[in-house]
Structure formats: C-alpha cells, structure tokens
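Here are the chains, one letter per residue:
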Amino acid sequence: MDSIYTFSALQPIWPELFMAFMVLGLLLIGVFKGHQSTRLLTFLAIGGLLFVAFLLLQTPTSKEPLLHGKIVIDLFAVNMKLIFITALIASYLLSIKYLYDTGFVKFEYPVLIMMAGIGMFFMVSSHHMLATYMALELQAFSLYILAAFNRDSLKSAEAGIKYFILGAVSSGFILFGVSLLYGFTGHLNYSEMADVVSGLTGPERTGAVFGMMFVLSGVAFKIAAVPFHMWIPDVYEGAPIPVTAFFALVSKLAAIALLFRLLLGPFETLVADWQIAIAFLSVMSMTWAAFAGLVQNNLKRLMAYSSIGNIGYALLGIVTLTSQGFSATLFYLILYMVMTAGVFGVLLCMQRDGVVLRHLEDLAGMSKNHPVLAYAMAILMFSMSALPPFSGFFGKLVIFQEVIAQELYMLAVIGVVSSVIATYYYLRVVKVMFFDEPDMPYTGGFGPFRSFVITASVLFAVFYILFPDSLMPFTQRTVNDLLPHGVEPIELIKSSIEAEQGSLPSFQELMKNAFPVER
Amino acid sequence: MIEITPSIIEALAFYVFAVVLVVAAIGVITARNQVYSVLFLILAFFNSSGLFILLGAEFVAMIMVIVYVGAVAVLFLFVVMMIDIDFKTLREGAMRYAPLGLVMAIILMTELFLLFKASFGSEPFENHDPLVEQMTNTQALGSVIYTEYIFAFQISGFILLLAMIGAITLTQRTRSGVRKQNIEKQVATSQDDAMSIRKVEVGKGIE
C-alpha cells in the first residue's frame, strides 16, 4: 500500500519531526543529568536548530496540503521558519548566563523554548482551523509556563496567571469564531473555506464576517494590539528578562505570520471587512502606545509599550492591501526583532550583586561606567525611534511609503505624529544614560554570548544603510508566495466594490478625503 | 387533550435541560458557598450532556460526564475545600465592573440575535460522509481520529506532555533533610551490617 506516512513521504515535515524528537531527547538528558546540564542542553538545542535550518533549506515546498489537508509547507512557511530559528537561537544565547547568575537554572527552560518553537512552526504551516488551534495552544502553553518560570517571585507568578487567563479568553474568542465560520461555511480547511466564503451572500456572509471578527480578535490578543493589549505590560514586567526577550523576539512574529495566512487564505474575499478592523487596531495601537509609554519608569514595561506601538506600525502595511505593504510589514518586524534582541541584551547586563535592575534611573551613569554598552544602547534607541541612518528608519520608511502610495493619508499622518511622540521615551533613555548623576557600575560581567548578540544587533542597526536592498527581496518573495492565485488583495476589493456599485464609500476613499491633499 | 408524540417529549426534555442548565450556571456565579458553586457546576455539566444526547452526540455526552464531572469538577471541589481563600475579600469590588460587563453582554447578545434571526431558515449543510449515518458516534470518531486527524491527535499528545512538564517545573521543590527509602540498600543489607553480637560482662553493661 502506498502510505503517506512513510519516512520519505514525510520529508516536508522532517524539520518539525526532528525538533519533536529533540525535545524528547533533551528532556531525557535533563532528567538524568539534573539542572546543571542546562548549559549543555542549550548548546545541543542551538546545534539542533542549526541542523533544522539545514533541513529547511532542503525542504521541497509545495502548495499541496499534507497530512489530509492539515498543514502546508510552502515557501512562506519555510522562510518564516528560518526567521524563527534565528530568533530562537538569539533568545537561547541571551538567556544562558542569566539563568546561572540568578540561580534559577532549570533544565526545562531550553526544552520549553523548543516546544514553543514547534508550536510556532506549525502555526505558520497550518492549513486547517483545527491544526491552527492546536499549534497556537502548543505555543501559548509553553509561553504561559515560561512567564511563571521564576515561581518564587510574586510578579512572575502573577504574570503567568494573567497571561494564562487572558490567553484562555483569547482562545475562547478564536474557537467561537471558528464555530461560526464552520456553521456558515461547513468547512474547516482553509482552501475549502475560502471557496465557500467567496460565494456567500446576504446574512450568511454577515455570519462569516462575524466569525472572522472573533478569530481576528483572538489573534489581536496574541499580537497585543490595542484594545487587546492589557496583558502585555504586566507580563513583560513580571516574567524573567530572558523570557520577556523571547516573547518580544518571536511570539508576535509567529502570530503575525498566522494573521497573514488567515487574511490571505480563508478570508481573502472578506477583504473590505478586515481592512477596517486592522486599520482600527493599527491606529489605536500607535496612538495608545505613544501616550502610555511616556509615563513608564520600568524598562520592561517601556519595551512592552514599544512593542504595542511597533505592532501598530506593522499593521499599517497590511491595511494597504498590496503585496508590497505585506512585505513591508514583515520587513519592519524583522528589523524590530533584531533591534529588540540587542536592547534586551543590554537590559540583561544591568545587574548589581546578582540583583537585576530594571528601572530607568538604573541606567544613570552607564556612559561613565560602561561606555561601550551605553553607546550600543544609544544606537539601538536611535534606531528604534527611526532616526536615519540606522536600520529602524528603513522599516518605517517602507511602511509609510506604501501607505502614501495607496493614498491612505490620514493613517500616514497619525502614524508619523505618534512616531514623533514615541521618540520622546526612546530618547529619554539616552538622556538618563549620558546626562544623569552617575550611579555605581554594574557587576557580573557581560558574558561572551550576550556580547555577541548585542554586537550583532548594533552592527546590523548601523551598517544596514550600506545594504538597503538586501532584505526586501526576501520578504517580497515570502509574501508573494502567499497571494491567493497571485492576485493582490487590493484588486479583490476593487472588484467587490464594482459589483455593488456605490453602496458605501470605500475605506480607501474615506482615508483619502479625510485629509485632502493637493496633488 | 394533547397527544403525546415523541417530538413533544423531545421538546419537553430540551426545555427541562436548558432551563436547569441556565439556572445552574447562574447558581455557579452567585452561590455564597464555594462548595455549592462547584456542585452547581456539576449539575450544569450533567444537563449539557443531556442536551448532547438530544442532539444524537452520545459520545460527547459521555465524555462530558466522565471528564468534566468525574475529573475536572472533583478537582475543583478538592481545590475549593483544601485551599483557604477568603472569597469575601476576593469578591469585594467585583460589582464595580458589573455595569460595564452587562452593557458588553447586551451588545454581544443583540448582535448574535440579529445574526441568528437573519440567517434563520437557511439550508443546513449536508456535507457529511453518508457512511457516518450507519455508525455509532464512537465508531465514526475512531475511523478518522488516527488517520485523517493524526496531526491534531499527535499535537494534543505533545500539549499534554508540555502540561506535565509545566506542572512539574512550577511545583516541584527539592527539600533537604528528607529521609528517603533506599530499597536497594535495604535489600542488600546483611546480618553483619544490621546487628552486632557482644559479650556482656557481668556487672558492667554496655557502653
């Protein structure tokens, strides 16, 4: 019998299978060798991830779903997974020294991160609502446990509980939305669902839109877009710093990848409805983060608001409805990820006598005591606030370029204004480091791996200007692979407007007329 | 005199289950005593499994009773009775959020009702496998869960493993000074290790 479950037939999911076996292997080693083997396990995990990257490069990509239509391994999935691997390795490198310094070293840590990795891998590959949900839960469960990992700290336990409860609520939203979608389309498979959705009219279409909105709300929880953001400052603050770094580096990127797949998959024909929803999330996130970030004194909370704001800018790319816009979103998030890795590397270095410092005033005197670190942090902060010549500038540039090209002037104005306001809190960090009354130097050293991550991040931020075209083709290829039948989403909305002539002015028109521009 | 037909009995059963379910659900959140809350929860589970039986989903109904009543609710009961939490102080201020919650609930309810009204009467989907009609629930489930849904099945296994690791990581503490039983050592003990024979001289005793 010709089985689809032979070893060679499963070649497209070898990377995930290898990771799953690696999790079990690491767990066994950990059980026998105890908590002091964490360092060994981390290096094994990094080695394993490099091998997974090698396997991914060999993976045959195809649009044909696997395992009875549950997952699909296409170019988009493979490219996203390569990005995840980079981020996973970076978060391993950042965490290792911290675990030993603060004395809560446990061998489960690398295992849990790898588990979350598997969940993210399947999230971007899912092609069926059930598979999406299972993968999402696998990833989210690991994150809940990681948030509460430092169980002796009240804050960490609180972060874990809060994250868990709100995560469960968001899962409820997603499941309710999926049940409505199933009720109105009769399918859970993405491609079959897309076919049925495109034929729906009248109240049945409204029902599908209703279901879609619930699913989108659930995903908005995961990416922490306003108004679904209330968990993120507390979780970022309470979780141990390397875990916060892990959240900031990968978990949002995975959720955005899932959002891409949903918006350009089953919901491709509901484009007029989700465009407004995403625009709302984007505007709210940008403005709310800009103002709320101003009063934050805790660096981790500051990073939380920074990430809310950045998700807002990233979502702007989706609102443009062009493949260039989607590609700009991905590009922006990759640049943001690299900068965040560096910033968290610096935050992890801020220790005095084994106590981790996390307040803004603790930065004082860094320029005197640790000038190299201070300049690295200053460059990263300039880059985050999108000052040219640093990499962060290019991220915002491509986003706003595309927004202007689609004549969404109102959104561009809101974006630029809130970006200017947000600059204040990035520059305040620089001010405290260089001009405030110096404090005692940090102790505990920086560690080679952490220094490596910071160096790589700073070099990327500084020298990106020399290769400004190096990343865009990659993100563009990745996104193009996802376009339904190679059609830009904006074409779909145009055809749907022509179909029901002049019923309502489109969102595009509204945004254009809200801010009249003489051309 | 109304003739009692099977459909009337079915409708009657539905309303009994549904009403008791809603009342029990309200009881869960309003009962003053936490143990009563859990007991109301168990009642709610039983009634929803009754609703599932009316729908012809007997497997889900059984699982509902076995898993939710048998395991989850009993676990809740243990937690409520063993952990000393002052629920009075926990509840203080909860009513402050009630108006906002009520408004949200009403909005959502209206939307769902409008949706229901608009789509009422549209044809249900008939896309299930005709083979399923001739099987029991359990058989139908068994015929796909290890083949078509193997992916979801395996991932759920992984999630369970993860939950286990998480529970151990977050709760296990290694205590010092605990005397553990070492069976190997016990079994390997010989007469020489366990006792010594001494000659006791008269009038001296043993040191």
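Here the structure is a predicted model, which means the values were calculated and not measured.

Definitions and cut-offs
Residues numbered from 1 in each chain as written. Chains lettered and ligands numbered in written order. Predicted model: local features only at pLDDT ≥ 70, side-chain atom pairs only at ≥ 80, totals over all residues. Heavy atoms only, no water. Helix = DSSP H or I, 4+ residues; strand = E, 2+ residues; numbered from the N terminus. Buried < 20%, exposed > 50% of the residue type's maximum accessible area, 1.4 Å probe, protein only. Contact = heavy atoms within 4.5 Å. Rg over C-alpha atoms; globule rule 2.2 N^0.38 Å. Areas by Shrake-Rupley, 256 points an atom, 1.4 Å probe, with all protein chains shown as cover. Lys, Arg positive; Asp, Glu negative; His and termini not counted. Charge placed at Lys NZ, Arg CZ, Asp CG, Glu CD. Domains from an automatic or database assignment. Buried area = accessible area lost by both parts, 1.4 Å probe. Salt bridge = Lys/Arg side-chain N within 4 Å of Asp/Glu carboxyl O. Polar contact = N/O pair within 3.5 Å; in protein donor to acceptor, adjacent residues only side chain to side chain. Nonpolar A, V, L, I, M, F, W, Y, C, P; charged D, E, K, R; others polar. Core = buried A, V, L, I, M, F, W, Y, C linked by side-chain atoms within 4.5 Å. Expected span 1.5 Å × (residues − 1). Axes fitted to C-alpha atoms, helices over the stretch in contact; angles between N-to-C directions. Parallel < 35°, antiparallel > 145°, perpendicular 65-115°, else oblique. Left-handed = near helix turned anticlockwise from the far one by under 90°.

Trainee: Can you walk me through the overall build of chain B in this structure?
Mentor: Each helix and strand in chain B was counted, giving 10 helices and zero strands. For chain B, the N- to C-terminal ordering of α and β elements is α-α-α-α-α-α-α-α-α-α. For chain B, with 207 residues in total, the buried portion stands at 17%. Intrachain contacts of chain B at a sequence separation of at least 6 include 54% that bridge at least 24 residues.

Trainee: Would you take a moment to explain the overall build of chain A for this structure?
Mentor: Per the secondary structure count, chain A includes 21 helices and two strands. Whereas a compact globule of 519 residues would reach a radius of gyration of roughly 24 Å, chain A reaches 23 Å, a difference of no more than 12%. Reported as C-alpha extents along the three principal axes, the dimensions of chain A are approximately 70 × 70 × 45 Å. Buried positions account for 62% of the 519 residues belonging to chain A. Pairs at least 24 residues apart make up 81% of the contacts formed inside chain A by residues separated by at least 6 positions. In the form shown here, chain A has an accessible surface area of approximately 18800 Å², with 68% of it arising from carbon and sulfur atoms. Positive and negative side-chain charges of chain A, numbering 27 and 32 respectively, have mean locations separated by a distance of 10 Å.

Trainee: Just checking my understanding: could you explain the domain arrangement of chain B for this structure?
Mentor: The parts lose accessible area when they come together, and the size of an interface is often stated as this lost area. Residues and elements named next belong to chain B. The domain architecture assigned to chain B consists of domain 1 (10-86) and domain 2 (133-168). Each of domain 1 and domain 2 has a C-alpha centre, and the two are 24 Å apart. At the junction of the two partners, domain 1 supplies four residues and domain 2 supplies four residues. For the pair domain 1 and domain 2, the summed buried area comes to about 320 Å², and 58% of that belongs to carbon and sulfur atoms. Among the residues of domain 1 in contact with domain 2, Gly56, Glu58 and Phe59 are the three that bury the most area, contributing 93% of the side total. There are zero salt bridges connecting domain 1 and domain 2. Remark: the boundary between domain 1 and domain 2 carries three residue pairs in polar contact (both at pLDDT 80 or more). Partitioning the side of domain 1 that touches domain 2 into residue classes produces two nonpolar, one polar and one charged.

Trainee: Quick question: what am I supposed to make of the pattern of salt bridges here?
Mentor: Between side chains of opposite charge, a pair can form as their charged atoms come close. All names here are of chain A. The full count for this structure, using the stated rule, is 13 salt bridges over all chains. In this structure, the salt-bridge partner of glutamate 158 is lysine 162, at a minimum N-O distance of 2.8 Å. Linking glutamate 158 with lysine 162, this pair stays in helix H6 (residues 154-185), spanning four residues, or about one helical turn. According to the relative accessible area criterion, glutamate 158 is partly exposed, its value standing at 37%. Note that arginine 301 and glutamate 237 form a salt bridge whose closest N and O atoms lie 2.5 Å from each other. Remark: glutamate 237 occurs in helix H9 (residues 231-238) and arginine 301 occurs in helix H12 (residues 299-319); sequence separation between them is 64 residues. Residues participating in the shared-partner salt-bridge network are Lys155, Glu158, Lys162, Asp234, Glu237 and Arg301.

Trainee: Help me understand the interface of chain A and chain B, please; the structure alone is not making it clear to me.
Mentor: Each partner contributes residues to the interface: chain A has 43 residues there, and chain B has 28 residues. Taken together, both faces of the contact between chain A and chain B bury some 3100 Å²; the carbon and sulfur share is 79%. On the chain A side of the interface with chain B, the three residues burying the most area are Met134, Arg151 and Phe210 of chain A, jointly 20% of the side's total. Our count for the contact surface shared by chain A and chain B stands at zero salt bridges. For the interface between chain A and chain B, the tally reads five residue pairs in polar contact (both at pLDDT 80 or more). For the side of chain A that touches chain B, the elements supplying multiple residues, two or more each, are helix H1 (14-33), helix H4 (108-125), helix H5 (129-147), H6 and helix H8 (202-223) of chain A.

Trainee: I would appreciate a short explanation of the nonpolar core in the present structure.
Mentor: Within soluble globular proteins, side chains that are nonpolar tend to cluster in buried spots. Phe246, Phe267, Trp274 and Leu315 of chain A are the most contacted members of the largest nonpolar core, which totals 202 residues. Excluding anything up to four places from it in sequence, phenylalanine 246 of chain A contacts Leu88, Ser91, Ile113, Ala116, Met120, Leu143, Leu146 and Ser251 of chain A. Counting six residues, the second-largest nonpolar core is a separate cluster that includes Leu41, Ile42, Phe45 and Met64 of chain B.

Trainee: Quick question: what am I supposed to make of the side chain of serine 142 of chain A here?
Mentor: Tracing the sequence through the fold places serine 142 of chain A in helix H5. Among the residues examined, serine 142 of chain A registers a relative accessible area of 0% and is labelled buried. Among all residues touching serine 142 of chain A, those that are not within four sequence positions of it are Leu112, Met115 and Ala116 of chain A together with Leu162 of chain B.

Trainee: Where do I start with unusual backbone geometry in this structure?
Mentor: With the exception of glycine, the majority of residues adopt a negative phi angle, and the majority of peptide bonds are in the trans configuration. All names here are of chain A. Note that the residue after valine 226, namely proline 227, is joined by a cis bond; omega there is 5°. Backbone torsion omega between proline 388 and proline 389 reads 0°, so that peptide bond is classified as cis. Relative to the helices and strands, proline 389 is located in the loop between helix H15 (371-384) and helix H16 (391-405). Of note, leucine 67 is a non-glycine position whose phi angle comes to about 50°, a positive value. By secondary structure assignment, the location of leucine 67 is in the loop between helix H2 (38-58) and helix H3 (75-102). Leucine 67 gets classed as buried once you look at its relative accessible area, which sits at 10%. One non-glycine residue, histidine 68, adopts positive backbone phi at about 55°. With respect to the helices, strands and loops of the structure, histidine 68 is situated in the loop between H2 and H3.

Trainee: For this particular structure, what's the right way to read H2 of chain A?
Mentor: A turn of α-helix holds 3.6 residues, and therefore any two residues three or four places apart point the same way. Residue and element names in this part refer to chain A. Taking 1.5 Å per residue, 21 residues should reach 30 Å; H2 reaches 30 Å between its end C-alpha atoms and fits that length. Buried residues of H2: Thr38, Leu41, Thr42, Ala45, Ile46, Gly48, Leu49, Val52, Ala53, Leu55 and Leu56, and no others. Looking at the buried side of H2, the elements it contacts are H1, H3 and H4.

Trainee: It is not clear to me how the packing of helix H10 (residues 241-263) of chain A against H12 of chain A should be interpreted in this structure. Could you clarify?
Mentor: Angle between the axes and distance between the axes are the two parameters that describe a pair of packed helices. Residues and elements named next belong to chain A. In contact at an axis separation of 12 Å, H10 and H12 are set at 15° when each is read in the N-to-C sense. Taken together, the axis directions place H10 and H12 in an arrangement best described as roughly parallel. In the packing of H10 onto H12, the handedness of the crossing is right-handed. In contact with Ile241, Thr244, Lys252, Ile256, Leu259, Phe260 and Leu263 of H10, H12 contributes Lys300, Ser307, Ile308, Ile311, Leu315 and Ile318. Across the contact of H10 with H12, the residue classes break down as nine nonpolar, two polar and two charged.

Trainee: I would appreciate a short explanation of the packing of H2 of chain A against H3 of chain A in the present structure.
Mentor: Residue and element names in this part refer to chain A. Orientation of H2 relative to H3, taken along the N-to-C sense of each, is 170°, at an axis distance of 10 Å. Taken together, the axes of H2 and H3 are roughly antiparallel relative to one another. On H3, the residues touching Thr38, Arg39, Thr42, Ala45, Ile46, Leu49, Leu50, Val52, Ala53, Leu56 and Leu57 of H2 are Val78, Lys81, Leu82, Ile85, Leu88, Ile89, Tyr92, Leu93, Ile96, Leu99 and Tyr100. When the residues that make up the contact of H2 with H3 are grouped by side-chain class, the tally is 18 nonpolar, two polar and two charged.

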